[in-house]
Every structure is written in structure tokens, then in C-alpha cells.
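Per-entry structural report
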Amino acid sequence: MIIRKVLPRVAKPVVLIAEELSPATLEALGPDFEVRNCDGADRGQLLAALGAGVDAVLIRSATKMDAEAIAAAKGLKVIARAGVGLDNVDIPAATAAGVMVVNAPTSNIVSAAELAISLLLASARFISPAHAALRNGKWARSKYTGAELFEKTLGIVGFGRIGQLVAARMQAFGMNVVAYDPYLQPARAAQLGVQLLDLDELLKVSDFITIHLPKTKETANLIGVEALKKVKPSVRIINAARGGVLDEAALYDALKEGRVAGAGLDVYVTEPCTDSPLFQLDNVVATPHLGASTDEAQERAGIAVAVSVRKALSGELVPDAVNVKGGAIHPEIRPSLPLVEKMAQIATALAGEIPSSLEVQVRGDISEYDATILATSALKGALIAVGSEDITYVNTPALAESRGITSSVNSDPESPMYRSYISLRVACADGKSLVVNGTLMGIRKVEKIIAVDGFELDLPPTDNLLFLRYADRPGIVGIVGNALGKANINIAGMQVSRTNAGGDALMAITVDSLVSAQVVADLKKETGATQVQSVNLIG
């Protein structure tokens, strides 16, 4: 008779899809998740689905993930928006709850650029009213005389990725392109054959204006009453970015009074919008927020956020996370994140108090890569070491700030003994400081602690560590071994580093179980050590 042991089933992470997404999204998620569906626009259904316990929720624009929804979703780790805009996500509430927010920032840029161009062309040639007249049996050929684009000036307000795509395509029409963007270097614009102007100058010289800015406090009604007094009466204005950047009431007045020749609109201050007075004007062509509405953009967005969800739920950092500092992480830096977390836990434990500052120095070959994210890794490790719970890369910066802890990263190409290593200095409010050095060894990137406060080591940062600082003398190793043996604590490895014979010494021990406070107290008494510290590494 053969008896088979039945292993318990491990519950799969739950992913809630709250809006219709492309089939490719499910394929990109793969088989490792339990997928549930709900109608995110139905508030009651959404809150019930979130309250049932989910790890991630995938949404588009109709689902409102506000503070109430986030609070209802106990255990939620990721909100993924299959698109660019995040107006329907309360990012501060998500950050406070430790929930990562991701989107697909490049998924629709081609589609959005192409729609802006479509509106520009349609406005220039009265495509919409001419089409409507023909459908109504009118051959209104003489009424709809338009304007060529050739050799005209296109002013692009907001010269990011979409604006740059529009510029490249409209230059092929023979247009002269100028742009306004206070955050872009003139040299970059010059490389693209575009002249940067201030906004007032752009408004004065442009024959066509297209807007590609997010809506913020600074950009709300940026193109408003005063701006529209500065444009040519022959100008046509396109907004396929965000409603509210272009003042719709001011635009209506300018169109009615002949101070603006035409407009193309895809976005509105309030959506859905079906009754704007702008829709009654023949010189306005309007679409219902179709910028991202292509099969290709929807598929790219779904796949992108599915990949981000997979990474986030497997513990990886996600380049498209909007509320995690650090941005894209270079593959050469990524393995250092858990190492720096452990170094910070060790340093904080040995310091005996929460640090006031942590300084990460990246040395050697890896110094050429952006290691900014390691500042967050260090903060996360320090917070874990002092008992903070539910610490994530999302809420670490805010929690550290609330405790008055700062962190920084600097680089140094010099590394005399290792190809690459990382040095972490923690400083405490009382002026005490301590340095822990670590590296990743070989092709497998094996984590090693190589020094603690100047004492050289070759220490794997295992789950349970024990450190003793004492005056070097015979018999200490035996005392420690006996004490741990009596406590039934198995020693996996032991190292002793000293300044010189009879000088200061550091003993670092890897053990198979946590060393209790009582054993620590006994060891300190029996050895006369100045410090005995048990460290339980988490993560």
C-alpha cells in the first residue's frame, strides 16, 4: 500500500479586475493568481469585492480608488491603472496605507499624439461640419475653406513624450515647431529641431497650438482669458491632454468673438460631457476622450500593468510605481536592495537606537549606475530594526520623515579591495556613528557583510546573528560556545576580528535560532563584553 502525503494548497494572490481589459492582460498575468472581476463603476459592488480580500486591483478611468475604497481593501498591495492618468486614485491615501500605485505611462503616447494630430487636421479643414452638412444633403463647398499646415508655426505647450511625437510628425508636414516647457533643456529641444519659447511668445507667433500638459494647480486654466488675448485671430487650438488646462468658457467667448479661428477638443473639465456650448459651434471638432482609445494602446496598457502587478506581488520594485522614490532600477543595482536593508538593520541594532541619518556610499564598478533607491532601502531597514510594522518601499519615506530620519546616497569609483561594495554609515542624535560595509560576491551575487565599524569580516547576513564586542583575551570563544550550547542554540558559523592581539575584538556569529534577551544578558556577564547584540534580520 502506497501512502501519498497530501500537501496543503497554497492560496494564490488575488487580483481584482474592476473594468474591462484586453485578453492580453490576463495572459500577461499568468496562472499564478486568482482573478476576480467586478464592475468598478458600481460603488457597492466595488467596496464588497475589495472587502473580500484582494492583493491587487486593476482599473481604468471609471473606478474610483479613493480613501474609502483603499480603507475597505485590507491587505491591498497594488493599485494598477491601465493607462496614464491617475485622477481617480487617491495617491496620498494609498501611500499612507503602504499601497503601491502603478500606471502605464507610455502605453498610449502614440495614440494620444495621433489623435491630437487628427483634431488639428480636422480643425484646419472643417472636416466635422463639412461631413455633417454633406450627410444632411448640403454641398457646402464654398463655406468650409480651410488652412494649410505647410510653413505654418505649430506651438506645442508641454514638450514631453507626446509633445515630442507630435513635433516629429508635424515637421514632416513642413511646419515650423516651437514649444513651451519650463522643465526641458534648450539643448534637447534643439536636437529635435524645435525652438523653446516662453508661453507669451509662443501664443503670439503660433498658427496652431496643441496642449500636452497634465492638469495641476499650476496648469489649471493656463490657457485662459488673458492667454487668449495674445493669440492670432487665425489660430486653432487643440487640447487632447487634460480637461481644465484650457479654460472652456474663455475659449467659447474667443471663438464666438472671432479671436480664435477654431478648436479641437478631446478632454473636458467635467467628464462625461455631452452638453457643452462649444459643441454647437461649426469651428469646433470634438471627441469623447478618445486619446487612449485604440486597440493597440489598450493592449499595451493592460500588459504593462499586469507585468507591474506580477513584479510588485513577488516583492520586486516596479519602475512605473508613481509613489515609490527611485524610479527605474538598473539591473546592477537591484540585487543590492535587500543587502542594504540588512546592513541598515545590523547597523541600527548595533547602534542601539534609531539613527537620525543614514549615508549610503556605492563604490567601485556599480558606482556608475543610479543608486538613488538605496536611500529608501536603508531607511526601510532602519525602520524594521526598531520594530515598525508593515514597512514597504511605498510608505518608508513618509514614515522616516515623520521620525526625522534622513538618508542619502553618494558614489565613489574607487574600490581598492573589491570590484564593488557598499558602505552604510548611520549617525545618531547623540553623535554616535557606526559603519557597516557589504558586497555581493561572484556571479550569483551572494550577500556578504565585509566589515562592521572597521572590523573586517566575511559574514553571510543570515536570519539570526549575534555580535560581541570585547577586549581580546583567551577563552572567550569557549565561553560563548558553552553558553549557546546550554541554551540549545546551534552555531552555524563564527568569526573573530580584532585590531591587534589583546586589543578590541568583534565576534560575529550566525546561529540557527533567535538568541533570547536572557542569553544575551548571561553572555555579557560571563564574557565582560562591552556589547552583546542579537540581530534578527527580516526580509
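One can find the structure itself at the top, above this paragraph.
The sections below set out a description of the structure shown in this document. Note that the structure is a prediction, hence the values are computed from the model and not measured.

**A short note on the packing of helix α12 (residues 336-351) against helix α13 (residues 374-385)**
Relative orientation of the contacting elements α12 and α13 amounts to 40°, with a least axis distance of 7 Å. Taken together, the axis directions place α12 and α13 in an arrangement best described as oblique. The crossing of α12 and α13 is right-handed. Of α13, the residues touching α12 (which contributes S336, L337, V340, E341, A344, Q345 and T348) are L374, S377, A378, K380, G381, A382, I384 and A385.

**As for the nonpolar core**
The biggest cluster of nonpolar side chains holds 70 residues, and the ones touching the most others in it are V15, V309, I346, L358, L374, L424 and F467. It is α12 that provides the largest number of residues to this core, a total of 10 residues. The next biggest cluster of nonpolar side chains, apart from the first, holds 30 residues, and it includes V178, A241, L251 and Y268.

**Structural notes on the side chain of S22**
With respect to the element layout, S22 can be found in the loop between β1 (14-17) and α1 (23-29). Excluding residues within four positions of it along the chain, S22 makes contact with Q298 and E299.

**Considering unusual backbone geometry**
Backbone torsion omega between E271 and P272 reads -5°, so that peptide bond is classified as cis. A positive phi angle is found at E151, which is not glycine, with a value near 65°. Along the chain, E151 falls in the loop between α6 (127-135) and β6 (153-157). Looking at E151, the relative accessible area reads 60%, which means it is exposed. Here K445, not a glycine, exhibits a phi torsion of approximately 55°, which is positive. Its place among the elements puts K445 in the loop between β16 (433-441) and β17 (446-452). For K445, a relative accessible area of 36% corresponds to the partly exposed category.

**Remarks on the packing of helix α15 (residues 476-486) against helix α16 (residues 517-527)**
At a closest axis distance of 10 Å, the pairing of α15 and α16 adopts a crossing angle of 155°. The angle between α15 and α16 places the two elements in the roughly antiparallel class. Crossing of α15 against α16: the hand is right-handed. Contact with α15, carried on its side by I476, I479, V480, A483 and L484, involves V519, L523, E526 and T527 of α16 and no other residues of that element. Partitioned by chemical class, the residues of the contact of α15 with α16 number 7 nonpolar, 1 polar and 1 charged.

**A look at a negative patch on the surface**
A contiguous patch of negative charge on the surface is contributed by E27, E114, D295, E296 and E299. Looking at the secondary structure, you find D295 in helix α11 (residues 295-313).

**Regarding α15**
Looking at α15, one finds that the buried residues are I476, V480, A483 and L484. Down the axis of α15, the sector holding all buried residues measures 95°, keeping them to one side. Exposed residues pointing more than 90 degrees away from the buried face of α15 are listed as N482 and K486. Turning to α15, the residues buried within the fold contact β19 (464-471), β20 (491-498), β21 (504-511) and α16. The positive-phi residue at the C-terminal boundary of α15 is N488, with phi of around 60°.

Parameters and conventions
Residues numbered from 1 in each chain as written. Predicted model: local features only at pLDDT ≥ 70, side-chain atom pairs only at ≥ 80, totals over all residues. Heavy atoms only, no water. Axes fitted to C-alpha atoms, helices over the stretch in contact; angles between N-to-C directions. Helix = DSSP H or I, 4+ residues; strand = E, 2+ residues; numbered from the N terminus. Parallel < 35°, antiparallel > 145°, perpendicular 65-115°, else oblique. Left-handed = near helix turned anticlockwise from the far one by under 90°. Contact = heavy atoms within 4.5 Å. Core = buried A, V, L, I, M, F, W, Y, C linked by side-chain atoms within 4.5 Å. Buried < 20%, exposed > 50% of the residue type's maximum accessible area, 1.4 Å probe, protein only. Nonpolar A, V, L, I, M, F, W, Y, C, P; charged D, E, K, R; others polar. Patch = residues over 30% accessible without salt bridge, like charges linked within 9 Å, V, L, I, M, F, W, Y side chains within 5 Å. Areas by Shrake-Rupley, 256 points an atom, 1.4 Å probe, with all protein chains shown as cover. Salt bridge = Lys/Arg side-chain N within 4 Å of Asp/Glu carboxyl O. Lys, Arg positive; Asp, Glu negative; His and termini not counted. Charge placed at Lys NZ, Arg CZ, Asp CG, Glu CD. Arc of directions from axis to C-beta.

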